[in-house]
Amino acid sequence: MGNDGGSISKRDEMVRTKASVQKVDASLLRQSLWTVCRLSREPLQAPVVSDALGRLYNKDAVIQHLLQRHQSSDSTDAIPHIRGLRDTTDLALTPNTLYRPASAGQNEQHSVYPFMCPLSARQMDGMHRFVYIAPCGCVVCASGLQATLTDARGESHNCPVCAREFNAALAKGGKVQGSDVVTINPDKDEEDKMREKMESRAQHKKKKARTADREDGEVAEQEAKKRRKAERKDETRRRIAQLTAELAAEKA
Ligand SMILES: [Zn+2]
(Lines give C-alpha, C1' and ligand atoms only; values in the text may rest on other atoms or scores of the structure.)
Protein backbone atom coordinates (compact mmCIF):
# COMPACT_ATOMS: atom_id res chain seq x y z
CA MET A 1 0.00 0.00 0.00
CA GLY A 2 2.85 2.37 -0.65
CA ASN A 3 4.11 1.89 2.91
CA ASP A 4 7.37 0.46 1.69
CA GLY A 5 10.76 1.73 2.74
CA GLY A 6 11.11 3.83 -0.41
CA SER A 7 8.16 6.12 0.22
CA ILE A 8 9.04 6.49 3.91
CA SER A 9 12.50 7.72 3.04
CA LYS A 10 10.99 10.00 0.41
CA ARG A 11 8.64 11.38 3.05
CA ASP A 12 11.55 11.91 5.44
CA GLU A 13 13.38 13.77 2.78
CA MET A 14 10.34 15.92 2.10
CA VAL A 15 10.01 16.83 5.80
CA ARG A 16 13.70 17.63 5.96
CA THR A 17 13.50 19.79 2.85
CA LYS A 18 10.41 21.59 4.16
CA ALA A 19 12.15 22.30 7.48
CA SER A 20 15.22 23.67 5.76
CA VAL A 21 13.09 25.84 3.45
CA GLN A 22 11.33 27.26 6.51
CA LYS A 23 14.70 27.91 8.11
CA VAL A 24 15.91 29.75 5.01
CA ASP A 25 12.65 31.76 4.93
CA ALA A 26 13.03 32.76 8.59
CA SER A 27 16.61 33.83 8.08
CA LEU A 28 15.72 35.82 4.95
CA LEU A 29 12.88 37.51 6.83
CA ARG A 30 15.23 38.39 9.68
CA GLN A 31 17.78 39.78 7.25
CA SER A 32 15.17 41.90 5.49
CA LEU A 33 13.82 43.31 8.80
CA TRP A 34 17.25 44.59 9.81
CA THR A 35 18.76 45.60 6.47
CA VAL A 36 15.90 46.86 4.30
CA CYS A 37 13.49 49.84 4.46
CA ARG A 38 9.97 48.61 5.32
CA LEU A 39 8.46 51.02 2.86
CA SER A 40 10.72 51.15 -0.20
CA ARG A 41 12.41 47.74 0.29
CA GLU A 42 15.68 49.53 -0.52
CA PRO A 43 18.75 48.83 1.64
CA LEU A 44 18.64 50.86 4.85
CA GLN A 45 20.80 53.91 4.54
CA ALA A 46 21.14 56.92 6.86
CA PRO A 47 19.10 58.96 7.55
CA VAL A 48 16.97 56.15 8.95
CA VAL A 49 13.80 56.77 10.96
CA SER A 50 11.56 54.59 13.09
CA ASP A 51 7.96 54.84 14.25
CA ALA A 52 5.93 53.95 17.35
CA LEU A 53 5.94 50.31 16.19
CA GLY A 54 9.73 50.11 15.97
CA ARG A 55 9.90 49.66 12.20
CA LEU A 56 12.87 50.85 10.20
CA TYR A 57 12.52 53.15 7.19
CA ASN A 58 14.74 55.25 5.02
CA LYS A 59 13.70 58.81 5.81
CA ASP A 60 13.68 59.71 2.10
CA ALA A 61 11.16 56.95 1.39
CA VAL A 62 8.84 58.20 4.15
CA ILE A 63 9.05 61.78 2.85
CA GLN A 64 8.32 60.60 -0.71
CA HIS A 65 5.35 58.62 0.54
CA LEU A 66 3.95 61.54 2.56
CA LEU A 67 4.30 63.91 -0.41
CA GLN A 68 2.55 61.56 -2.81
CA ARG A 69 -0.06 60.28 -0.39
CA HIS A 70 -2.83 62.68 -1.38
CA GLN A 71 -2.27 61.96 -5.09
CA SER A 72 -2.46 58.22 -4.68
CA SER A 73 -5.77 56.56 -5.49
CA ASP A 74 -4.57 53.40 -3.78
CA SER A 75 -6.81 52.97 -0.73
CA THR A 76 -4.35 50.76 1.13
CA ASP A 77 -1.75 52.97 2.76
CA ALA A 78 1.37 51.09 3.86
CA ILE A 79 1.97 53.43 6.81
CA PRO A 80 -1.43 54.88 7.83
CA HIS A 81 -0.16 55.49 11.38
CA ILE A 82 2.48 57.92 10.11
CA ARG A 83 0.62 61.15 9.39
CA GLY A 84 3.74 63.27 9.18
CA LEU A 85 7.41 63.25 10.06
CA ARG A 86 6.34 64.15 13.61
CA ASP A 87 5.21 60.52 13.94
CA THR A 88 8.76 59.32 13.25
CA THR A 89 12.04 59.53 15.14
CA ASP A 90 15.39 60.20 13.47
CA LEU A 91 17.64 57.35 14.53
CA ALA A 92 21.25 57.81 15.58
CA LEU A 93 22.70 54.52 14.30
CA THR A 94 26.24 53.25 14.71
CA PRO A 95 27.79 51.80 11.52
CA ASN A 96 28.83 48.16 11.86
CA THR A 97 32.58 47.92 11.35
CA LEU A 98 32.17 44.44 9.79
CA TYR A 99 29.52 45.56 7.31
CA ARG A 100 29.91 44.92 3.64
CA PRO A 101 26.96 45.02 1.23
CA ALA A 102 25.80 41.56 0.11
CA SER A 103 26.36 42.67 -3.50
CA ALA A 104 30.07 43.28 -2.79
CA GLY A 105 30.63 39.61 -1.97
CA GLN A 106 30.95 38.22 1.53
CA ASN A 107 33.38 36.10 3.45
CA GLU A 108 33.06 34.89 7.04
CA GLN A 109 34.48 38.14 8.42
CA HIS A 110 31.92 40.29 6.65
CA SER A 111 28.41 41.07 7.75
CA VAL A 112 25.34 42.07 5.74
CA TYR A 113 24.01 43.97 8.77
CA PRO A 114 24.86 47.67 8.48
CA PHE A 115 24.50 48.76 12.12
CA MET A 116 25.68 47.82 15.59
CA CYS A 117 25.33 48.77 19.25
CA PRO A 118 27.82 51.47 20.32
CA LEU A 119 27.80 50.08 23.89
CA SER A 120 28.36 46.36 23.31
CA ALA A 121 29.53 46.35 19.65
CA ARG A 122 26.89 43.66 19.00
CA GLN A 123 25.62 43.60 15.44
CA MET A 124 22.04 44.72 14.90
CA ASP A 125 21.16 41.46 13.18
CA GLY A 126 17.92 40.37 14.85
CA MET A 127 19.69 37.93 17.17
CA HIS A 128 19.66 40.44 20.02
CA ARG A 129 16.95 42.79 21.16
CA PHE A 130 17.60 46.35 20.03
CA VAL A 131 15.82 49.51 21.14
CA TYR A 132 15.82 53.19 20.34
CA ILE A 133 15.52 55.95 22.91
CA ALA A 134 12.74 58.23 21.72
CA PRO A 135 13.93 61.68 22.91
CA CYS A 136 17.34 61.37 21.20
CA GLY A 137 16.95 58.48 18.72
CA CYS A 138 20.07 56.66 19.89
CA VAL A 139 19.96 52.96 18.97
CA VAL A 140 21.49 50.45 21.37
CA CYS A 141 21.06 46.78 22.26
CA ALA A 142 18.70 46.23 25.19
CA SER A 143 21.22 44.39 27.36
CA GLY A 144 23.86 47.05 26.73
CA LEU A 145 21.37 49.71 27.81
CA GLN A 146 20.29 47.74 30.87
CA ALA A 147 23.89 47.45 32.01
CA THR A 148 24.13 51.25 32.19
CA LEU A 149 21.00 51.74 34.30
CA THR A 150 21.26 51.93 38.07
CA ASP A 151 18.34 51.41 40.43
CA ALA A 152 19.15 54.56 42.36
CA ARG A 153 17.84 56.76 39.58
CA GLY A 154 14.28 55.44 39.35
CA GLU A 155 12.91 55.61 35.83
CA SER A 156 14.58 58.84 34.75
CA HIS A 157 18.03 58.28 33.23
CA ASN A 158 20.48 59.86 30.87
CA CYS A 159 21.15 58.27 27.50
CA PRO A 160 24.46 56.36 27.78
CA VAL A 161 25.41 57.56 24.28
CA CYS A 162 24.42 61.25 24.19
CA ALA A 163 23.46 61.97 27.84
CA ARG A 164 19.97 63.26 27.05
CA GLU A 165 17.36 62.47 29.70
CA PHE A 166 14.76 59.76 29.07
CA ASN A 167 12.24 57.53 30.85
CA ALA A 168 13.75 54.06 31.12
CA ALA A 169 10.62 52.26 32.40
CA LEU A 170 10.63 49.55 29.72
CA ALA A 171 14.39 48.96 29.83
CA LYS A 172 14.06 48.41 33.58
CA GLY A 173 11.49 45.67 33.08
CA GLY A 174 8.55 48.06 33.43
CA LYS A 175 5.64 48.67 31.11
CA VAL A 176 5.69 49.87 27.52
CA GLN A 177 3.33 52.66 28.59
CA GLY A 178 5.15 55.83 29.61
CA SER A 179 8.56 54.51 28.62
CA ASP A 180 10.77 56.37 26.15
CA VAL A 181 12.41 53.09 25.17
CA VAL A 182 11.01 51.64 21.93
CA THR A 183 11.78 48.09 20.82
CA ILE A 184 12.93 47.84 17.21
CA ASN A 185 11.23 45.10 15.17
CA PRO A 186 9.33 43.71 18.18
CA ASP A 187 7.73 40.26 18.22
CA LYS A 188 3.99 39.96 17.66
CA ASP A 189 2.99 40.26 21.35
CA GLU A 190 5.11 43.30 22.00
CA GLU A 191 3.99 44.93 18.75
CA ASP A 192 0.37 44.57 19.93
CA LYS A 193 1.24 46.40 23.16
CA MET A 194 3.10 49.09 21.25
CA ARG A 195 0.12 49.54 18.92
CA GLU A 196 -2.16 49.92 21.96
CA LYS A 197 0.13 52.59 23.37
CA MET A 198 0.25 54.39 20.02
CA GLU A 199 -3.53 54.37 19.69
CA SER A 200 -4.21 55.50 23.25
CA ARG A 201 -1.74 58.33 22.75
CA ALA A 202 -3.55 59.39 19.56
CA GLN A 203 -6.88 59.32 21.43
CA HIS A 204 -5.40 61.44 24.19
CA LYS A 205 -4.14 63.98 21.66
CA LYS A 206 -7.56 64.18 20.02
CA LYS A 207 -9.21 64.77 23.40
CA LYS A 208 -6.69 67.49 24.19
CA ALA A 209 -7.39 69.16 20.83
CA ARG A 210 -11.13 69.05 21.55
CA THR A 211 -10.60 70.66 24.98
CA ALA A 212 -8.44 73.35 23.37
CA ASP A 213 -11.20 73.99 20.82
CA ARG A 214 -13.75 74.35 23.61
CA GLU A 215 -11.47 76.72 25.51
CA ASP A 216 -10.99 78.75 22.35
CA GLY A 217 -14.78 78.88 22.05
CA GLU A 218 -15.14 80.14 25.62
CA VAL A 219 -12.56 82.87 25.07
CA ALA A 220 -14.34 83.96 21.88
CA GLU A 221 -17.67 84.03 23.74
CA GLN A 222 -16.24 86.26 26.49
CA GLU A 223 -14.74 88.60 23.94
CA ALA A 224 -18.05 88.89 22.12
CA LYS A 225 -19.74 89.76 25.42
CA LYS A 226 -17.15 92.47 26.11
CA ARG A 227 -17.65 93.86 22.62
CA ARG A 228 -21.44 93.99 23.02
CA LYS A 229 -21.05 95.77 26.38
CA ALA A 230 -18.69 98.34 24.81
CA GLU A 231 -21.13 98.86 21.94
CA ARG A 232 -23.99 99.45 24.36
CA LYS A 233 -21.84 101.99 26.24
CA ASP A 234 -21.04 103.79 22.96
CA GLU A 235 -24.72 103.82 22.05
CA THR A 236 -25.65 105.37 25.44
CA ARG A 237 -22.91 107.98 25.07
CA ARG A 238 -24.14 108.87 21.57
CA ARG A 239 -27.71 109.13 22.85
CA ILE A 240 -26.65 111.48 25.70
CA ALA A 241 -24.67 113.64 23.27
CA GLN A 242 -27.68 113.81 20.96
CA LEU A 243 -30.06 114.77 23.80
CA THR A 244 -27.60 117.39 25.07
CA ALA A 245 -27.39 118.86 21.58
CA GLU A 246 -31.20 118.89 21.24
CA LEU A 247 -31.55 120.60 24.64
CA ALA A 248 -28.96 123.21 23.66
CA ALA A 249 -30.81 123.82 20.38
CA GLU A 250 -34.13 124.31 22.22
CA LYS A 251 -32.52 126.83 24.59
CA ALA A 252 -31.04 128.80 21.73
ZN1 LIG B 1 20.98 59.41 23.06
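Residues numbered from 1 in each chain as written. Predicted model: local features only at pLDDT ≥ 70, side-chain atom pairs only at ≥ 80, totals over all residues. Heavy atoms only, no water.

Points about the coordination of the zinc ion
By definition of the ideal shapes, four donors in a tetrahedron about a metal sit 109.5 degrees apart, and six donors in an octahedron sit 90 or 180 degrees apart.
(1) Moving on: At the metal site, the zinc ion is ligated by Cys136 (SG), Cys138 (SG), Cys159 (SG) and Cys162 (SG), and these contacts range over 2.3 Å.
(2) Moving on: Site description for the zinc ion: donor spacing in sequence, C-x1-C-x20-C-x2-C. With Cys136 in the loop between strand 6 (130-133) and strand 7 (139-141) and Cys162 in the loop between strand 8 (156-158) and strand 9 (165-167), the pair connects residues that are 26 residues apart, well separated along the chain.
(3) Moving on: Overall, the relative accessible area of 18% leaves Cys136 in the buried class.
(4) Moving on: Classification of Cys162 by relative accessible area gives partly exposed; the value is 38%. (Donors = N, O, S within 2.8 Å, 3.2 Å for Na, K, Ca; no water. Helix = DSSP H or I, 4+ residues; strand = E, 2+ residues; numbered from the N terminus. Buried < 20%, exposed > 50% of the residue type's maximum accessible area, 1.4 Å probe, protein only.)

Observations regarding the nonpolar core
(1) Moving on: Ranked by size, the top nonpolar core spans 43 residues in total, and within it Leu56, Tyr57, Met124, Phe130, Val139, Leu145 and Phe166 carry the most contacts.
(2) Moving on: Elements with a minimum of two residues in this core: strand 1 (48-50), strand 2 (56-58), helix 2 (59-68), strand 6, strand 7, helix 3 (142-148), strand 10 (181-183) and helix 4 (188-251).
(3) Moving on: A total of four residues in this core trace back to one element, the largest contributor, which is strand 6. (Core = buried A, V, L, I, M, F, W, Y, C linked by side-chain atoms within 4.5 Å.)

A closer look at the domain arrangement of the chain
Size of an interface, as often reported, equals the accessible area lost when the parts are brought together.
(1) Moving on: According to the domain assignment, the chain contains domain 1 (33-186) and domain 2 (187-252).
(2) Moving on: Each of domain 1 and domain 2 was reduced to a C-alpha centroid, and the two centroids are 44 Å apart.
(3) Moving on: Taken together, the contacts link 15 residues of domain 1 with 10 residues of domain 2.
(4) Moving on: Taken together, the two surfaces of domain 1 and domain 2 that pack against each other cover about 1,100 Å², and 56% of this comes from carbon and sulfur.
(5) Moving on: The three residues of domain 1 that bury the most area against domain 2 are Leu53, Val176 and Pro186, which together make up 48% of that side's buried surface.
(6) Moving on: Taken together, the connections running from domain 1 to domain 2 amount to two salt bridges.
(7) Moving on: The residue Glu191 makes a salt bridge to Arg55 at a minimum N-O spacing of 3.4 Å. (Domains from an automatic or database assignment. Contact = heavy atoms within 4.5 Å. Buried area = accessible area lost by both parts, 1.4 Å probe. Salt bridge = Lys/Arg side-chain N within 4 Å of Asp/Glu carboxyl O.)

Side note on the sheet that holds strand 1
(1) Moving on: Strands sit in the order 2-1-3 across an open sheet of three strands; the sheet is antiparallel. A strand with exactly one partner marks an edge of an open sheet, and here the two such strands are strand 2 and strand 3 (89-90).
(2) Moving on: Relative to strand 2, strand 1 is paired through three bridges, and the arrangement is antiparallel. Looking at strand 2, one finds that Val49 is bridged to Tyr57.
(3) Moving on: Relative to the sheet, helix 2 contacts strand 1, strand 2 and strand 3, its axis offset from that of strand 2 by approximately 75°. (Pairing = 2+ DSSP bridges. Axes fitted to C-alpha atoms, helices over the stretch in contact; angles between N-to-C directions.)

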